[in-house]
Amino acid sequence: MRTVRINSGIKKISRYRRHRFAGPALLVVALISLGATFQVASALPSTNKMETTAQSTLIEEGKQIFARGCSSCHGLNAEGGSIAPSLIGVGAASVDFQVGTGRMPMQDMSQQAMRKQPIYNAEETAALAAYVASLAPGPDVINEAQLTYERDGNTAEGGQLFRTNCAMCHNFAGQGGALSQGKYAPTLMGVEARHIYEALITGPQSMPVFSDKTITPEEKLSIIKWIKAAESEPNLGGASLGRVGPVTEGLLVWTLGLGLLIGIAVWLTAKAR
Amino acid sequence: MSNELQKFQDPGLPEHVHRKTDLDPKAADRAERQVAILFVLSAISTVVAIYSYIFIPDNQYFFLPVMGDTNAHQLLLGLGMAFALLFIGLGLVLWAKELMPDTEVIAERHEFRSPDEDRADFVRTVKEQASASGLGRRSLIKRTLGLALGISALTPLVLLRDLGPLPKKELEKTSWKKGTRLVTDPGNRPIRPEDLEIGAVAQVLPELVEGQERTLSDIGKDAVLLIRLRPSEFQLDAERLSWTHDGIIAFSKICSHMGCAVALYEQQTKHLLCPCHQSTFDVTRAAKVIFGPSARPLPQLAITVDADGYLVAQQPFTESVGPSYWERSS
Amino acid sequence: MSKVERIGGNVASYVDDRTGAAKWLRKNLTKVFPDHWSFMLGEIVLYSFIILLLSGTFLTFWFDPSQRDVIYQGSYEPLKNIEMSASYASTLHISFDVRGGLLMRQIHHWAALIFMAGMIAHLMRVFFTGAFRKPREANWLIGVGLVTLGIVEGFLGYSLPDDLLSGTGIRIAEAIIQALPVVGSYLAFFAFGGAFPGHVFIPRIFTVHVLLLPGIFLALITVHLMLVWYQKHTQYPGPGRTEKNVVGYPLMPIYMAKAGGFFFIVFGVTALLGAVASINPIWLYGPYNPGQISAGSQPDFYMGWLDGLVRMAPPIETHAFGHTISWNILIPGLIVPGILFTLMALYPFIESWMTGDKSEHHLLERPRNNPNRTAIGAMSLAFILVVLINGGNDIIATNFHLTINQIMWFTRIGVLVIPPLVFVITKRICLSLQRADREKVLHGRETGRLVMLPHGEFIEVHEELTPEQKFTLTQHPQPAALIVPTTDANGVLNPQGFKGRIRARFSQAHVEQIDAPTESEAKALGGGHH
């Protein structure tokens, strides 16, 4: 069974072999796979290193990862450079957020750091965080024991706080929105509670800091609880249309709504045969 | 170049082509059955709608591709209703198309213009009536009538006067006074400068005096955004710099363009963006407008700390907050 | 059958015994209506109006149009114990605690969007086919009035639930009122009973939304339909169709069945949208608070173009003698829309002045056969589309990886450049289509079949058009340009002077046409073949 399927697949592909786009397409595939291999390869040595330096402290380990993966932009001692800020005093929370969500290391300086598949695993991230935290005191990584939002959060209050403090950038339902000059506030759907909390206290990229005195830890838990409630809220009134407001509603009425009606009108006025 | 004579002639209405249902009784019967099926489907849909109204609890969800988790009660009730209506409509149209006589009919139009003598009669009558009323000659009547009619329209306008109070100086005032503490919104907690890290923002309102309640109208004028920068980042004149405290600067959150809440602060660029119309303000330069339709910076609130170390207003706003209006002086 | 006939006969006698309307009724029951899909657009609007009345009435049974503060205690958890206005709370109640309430709310809102979209589509049909010409100018004016009122009515409905999005919309409306020179702040304080948002605005606009405006709608729609009835419907040109007749189906029974069926279809499609697609999920927006805002705050599409205009306005205000004039609000919010709607309302009169055409028209024009008008219409649409894009610039920016600044500058320039460009291009396209028509009439339709001639040459077979097709493609009148003499009969300079010259220029532009082929030309070519 399986061989048959593969064979027919190959046949299908080979039919396109002489297509005029075949050459360029092959080139693109080759380049992508080369890039991917390079990515994996560049990440591999660190795991090897892990085994050999199993005895050294977490900080030492983090320093080495930093020297390899981060120092070219942030400076050898995390003092910052012309293209990247100093990391002295940003704290472990900041590292955990930036590296843990895959935003750092950045792939491309031309745009905003995007959420992507993390390059470093949990231990490496912890090591990096420990190293950066050792440079100067800063907000600590949020551990699971602190994320008691299910117990201590209040969804409705969280909603109030969210609308006053977060909705202007992240949209009323946490779907994200546009900032100036092509920057954007990302969607909050599917973001881990820990990362939301860390973002609130560290203010990554364009986002400002929300201090514990102006939004207390309990209030932060409420915000997280509300975001989680919005995330898991089923579609009460049918397809959500992206929860971005009237723009998609207008599009739908002109396409599906009026389209259907005009289609039926054409049938209605066509002469029967 | 072309004149009427040379034009292609109108061959007249094409001959009527009979439908299958006109010629073949079987086809007609089939059409009848199709119409009947549509009506039956409609009745079934109504039953589905009523069933879901009564028996499907409104907290029941199921997963559908594209739509995600969907409320069963809402969806089935709606679909039942929609198809009940749609099938009636489709059935009626099919009936009309297939079985009702479809011979095109020609109806003549009547010219709207009346025959000349009727028209002349009418025009003469109107003229006579007009002159009989004396409107043309007795200009005194005409003018006074115009006056009376015109002025009578004022009464309803005057009657609307009590819709609301006069604005007086209301638009210039906010609840901020010298020494009013800045408190968090929501939460109503006073704030110390050290509570805010560099890059932090806080949404604040004036502290309520005992027994006072905050209305939405108050928030609509009093809302303030507090931002902390490095003091070295400011590019302010001496007066405006003295309105800040240790890198903390306060702006009215009510947009100077159309009054939306301008709270979208970009920490890296130090820009404030209004999500309604995208006016962009530079925080380091006293909220100078750098993009978008707003013509004025956001009003800055002068702040300092009181004896207890809490942030307070130095003075009320020195200009009106919110959108422009005629009486605004600057 | 005979039973139906007998009952029908009895009913007819009964009615005539009491009204004596036999003759009038007979005439009107056999009234002829032409059939074309584009003639159904107006019906979509009429039916969605009825749906709006029905669903709206349902909603009023629970809606509490009040801005008094209440604490929400309904079944939607994420808003429990939150302070909000009674109108927001009652809208939540309709959505979650009245069975079928959310469905009806969604049907009402979707019907409103279909109502507006249908009106715009109907207006475009009437414009591009020249259906507004004499004697139907009055109906055009009523139509423009209905569109204007529709925008207002829709905006009020969007405002009633008092959620964060609608409150933001009201805030912007208040800023526009406040920006009016001299009277602005007074009008704003009267409308809101004091400082914004106050406690009286929602109850006041509720009365306007459910009583005053629907009443005016009903009256205007009635007159609109009576005029259509009395003046008889226009028809597309074709064999047997002239300015003096109307070809179609009689009201009873066929048109009744089709129109009645279409009502159910429009209702069904609206209910379908209400069932499958969420609209205005106010529970996610939260109650209105002037200190809050959401990213991507947009109005519904029929206001979106206004919002786009406001966004792209240059930041200009005049401060003089202790007074402020906000051009950045007045120009996009009042002056430009005012000019646009005035021009739209006056267009039938402007066109008839330009062409000097004072005759009655019952045959529609194919858009290509009036290139100037079609180009004007396309230009206006391009304008609205460009500003509408700017109205959604934030959503577009995030979805297509653009920046709001780019889109803003693109549309700021585009709004001046694109419409004239569209005018020129549309006019060229229309003339090309006319040329293609001419080609078809004189040389036949290209069949795509190739034939080899005996001496080896390949030719494509052209199929001659039927006389019906030839007539349809050539029947349109091609008036000559208006001649406005510069001097009158006595050699005195024409008092119309400058105005006259402009008129002549416009007229010339308006009659620019490809000559329709004539029978004599076709004969000279010797049939339709190559």
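This part covers the overall build of chain C. Across its full length, chain C carries 19 helices and eight strands. Along the three orthogonal principal directions, the C-alpha set of chain C runs to about 90 × 75 × 65 Å. Taking all 530 residues of chain C together, the buried fraction comes to 55%. A separation threshold of at least 6 residues defines the contact pool for chain C, and within that pool the share at least 24 residues apart is 74%.

This brings us to the overall build of chain A. Helix and strand content of chain A: 12 helices and two strands. Written out in order from the N terminus, the α and β elements of chain A read α-α-α-α-α-α-α-α-α-β-β-α-α-α. Counting over 273 residues, chain A shows a buried share of 46%. In chain A, once contacts between residues fewer than 6 apart in sequence are set aside, the share between residues at least 24 apart is 60%. Looking at chain A as shown, the accessible area adds up to about 13,900 Å², and 62% of this sits on carbon and sulfur atoms.

Once that is clear, we can look at the packing of helix α14 (residues 371-391) of chain C against helix α15 (residues 393-400) of chain C. Residue and element names in this part refer to chain C. Relative orientation of the contacting elements α14 and α15 amounts to 70 degrees, with a least axis distance of 5 Å. As summarised for this structure, α14 and α15 are arranged roughly perpendicular, according to the angle between their axes. Here I389, N390 and G391 of α14 lie close against α15, whose contacting residues are N393, D394 and I396.

Our next topic: the domain arrangement of chain A. Residue and element names in this part refer to chain A. In terms of domain boundaries, chain A breaks down into domain 1 (46-140) and domain 2 (144-243). Counting residues at the interface gives 16 residues for domain 1 and 14 residues for domain 2. Together, the buried faces of domain 1 and domain 2 total about 1,100 Å²; carbon and sulfur atoms form 51% of this surface. Interface area lost by domain 1 to domain 2 is led by D96, F97 and Q112, which between them contribute 46%. Where domain 1 packs against domain 2, one counts one salt bridge. Between R194 and D96 there is a salt bridge, with its nearest N and O atoms 2.4 Å apart. On the surface where domain 1 and domain 2 come into contact, there are four residue pairs in polar contact (both at pLDDT 80 or more). Residues of the side of domain 1 that touches domain 2, tallied by class, amount to seven nonpolar, five polar and four charged.

What follows deals with the sheet that holds strand β11 (residues 288-291) of chain B. All names here are of chain B. Taken in spatial order, the four strands make up an open sheet running β8-β9-β10-β11, and their pairing is antiparallel. Of all the strands in the sheet, the pair left with one neighbour each is β8 (264-266) and β11. When the angles between neighbouring strand axes are averaged without regard to direction, this sheet yields 35 degrees. Relative to strand β10 (residues 280-282), strand β9 (residues 271-273) is paired through three bridges, and the arrangement is antiparallel. Bridging from a neighbouring strand, L272 pairs with F281 of β10.

All names here are of chain B. As for its position among the elements, V321 is in the segment after β14 (311-313). Along the chain, V321 and S256 lie 65 residues apart, while their C-alpha atoms are 6.8 Å from each other. The contacts of V321, once residues within four sequence positions are left out, are L171, T174, K221, S252 and P299.

Here we come to unusual backbone geometry. Residue and element names in this part refer to chain A. Put simply, M104 and P105 share a cis peptide bond, and its omega is -5 degrees. With respect to the helices and strands, the residue P105 is situated in the loop between α5 (91-100) and α6 (122-135). Within the chain, Q181 stands out as a residue other than glycine whose phi angle is a positive 55 degrees. By the secondary structure assignment, Q181 is in the loop between β1 (177-178) and β2 (184-185). Given the relative accessible area of 52%, Q181 is considered exposed.

Structurally, C:Q235 is set in the loop between α9 (201-231) and β4 (245-250). A polar atom in the side chain of C:Q235 sits 2.7 Å from the backbone oxygen of C:N245. The contacts of C:Q235, once residues within four sequence positions are left out, are B:R109, C:P34, C:F39, C:R241, C:T242, C:N245, C:V246, C:V247, C:H362, C:L363 and C:L364.

Glancing now at the pairing of β11(B). Residues and elements named next belong to chain B. Bridge count between β10 and β11: three bridges; the pairing is antiparallel. Within the sheet, the bridge partner assigned to D282 lies in β11 and is K288. Hairpin connection, β10 to β11: the antiparallel pair is bridged by five residues, and A286 has positive phi, about 55 degrees.

Before going further, it helps to spend a moment on the interface of chain C and chain B. Each partner contributes to the interface: chain C provides 117 residues, whereas chain B provides 86 residues. In terms of surface lost to chain B, no three residues of chain C exceed C:R99, C:F189 and C:F190, which account for 8% of the buried area on that side. Connecting chain C to chain B are two salt bridges. Here C:R241 makes a salt bridge to B:E104, at a shortest N to O gap of 3.4 Å. Where chain C meets chain B, there are 31 residue pairs in polar contact (both at pLDDT 80 or more).

Residue and element names in this part refer to chain C. In this model helix α18 (residues 497-510) runs 20 Å from its N-terminal to its C-terminal C-alpha over 14 residues, within 8% of the 20 Å that 1.5 Å per residue would give. Of all the residues in α18, the buried ones are G500, R503, A504, S507, A509 and H510. If you follow the buried residues of α18, they end up packed against α13 (327-355), α14 and α16 (404-443).

Here we come to helix α1 (residues 2-19) of chain C. Under the 1.5 Å per step criterion, the end-to-end length of α1(C) is 26 Å for 18 residues, consistent within 8% with the ideal 26 Å. Positive phi appears at C:G20, one or two residues downstream of α1(C), with a value of about 65 degrees.

A few words now on the pattern of salt bridges. Residue and element names in this part refer to chain B. One pass over the structure, following the stated rule, counts 41 salt bridges over all chains. In this structure, K221 engages E170 in a salt bridge whose closest nitrogen and oxygen atoms are separated by 3.7 Å. Within this pair, whereas K221 is found in helix α7 (residues 216-222), its partner E170 is found in the loop between α6 (154-159) and β4 (182-184), the two being separated by 51 residues in sequence. Its relative accessible area of 15% is what places K221 among the buried residues. Judged by its relative accessible area of 31%, E170 is partly exposed.

The rules behind the values
Residues numbered from 1 in each chain as written. Chains lettered and ligands numbered in written order. Predicted model: local features only at pLDDT ≥ 70, side-chain atom pairs only at ≥ 80, totals over all residues. Heavy atoms only, no water. Helix = DSSP H or I, 4+ residues; strand = E, 2+ residues; numbered from the N terminus. Buried < 20%, exposed > 50% of the residue type's maximum accessible area, 1.4 Å probe, protein only. Contact = heavy atoms within 4.5 Å. Areas by Shrake-Rupley, 256 points an atom, 1.4 Å probe, with all protein chains shown as cover. Axes fitted to C-alpha atoms, helices over the stretch in contact; angles between N-to-C directions. Parallel < 35°, antiparallel > 145°, perpendicular 65-115°, else oblique. Domains from an automatic or database assignment. Buried area = accessible area lost by both parts, 1.4 Å probe. Salt bridge = Lys/Arg side-chain N within 4 Å of Asp/Glu carboxyl O. Polar contact = N/O pair within 3.5 Å; in protein donor to acceptor, adjacent residues only side chain to side chain. Nonpolar A, V, L, I, M, F, W, Y, C, P; charged D, E, K, R; others polar. Pairing = 2+ DSSP bridges. Expected span 1.5 Å × (residues − 1).

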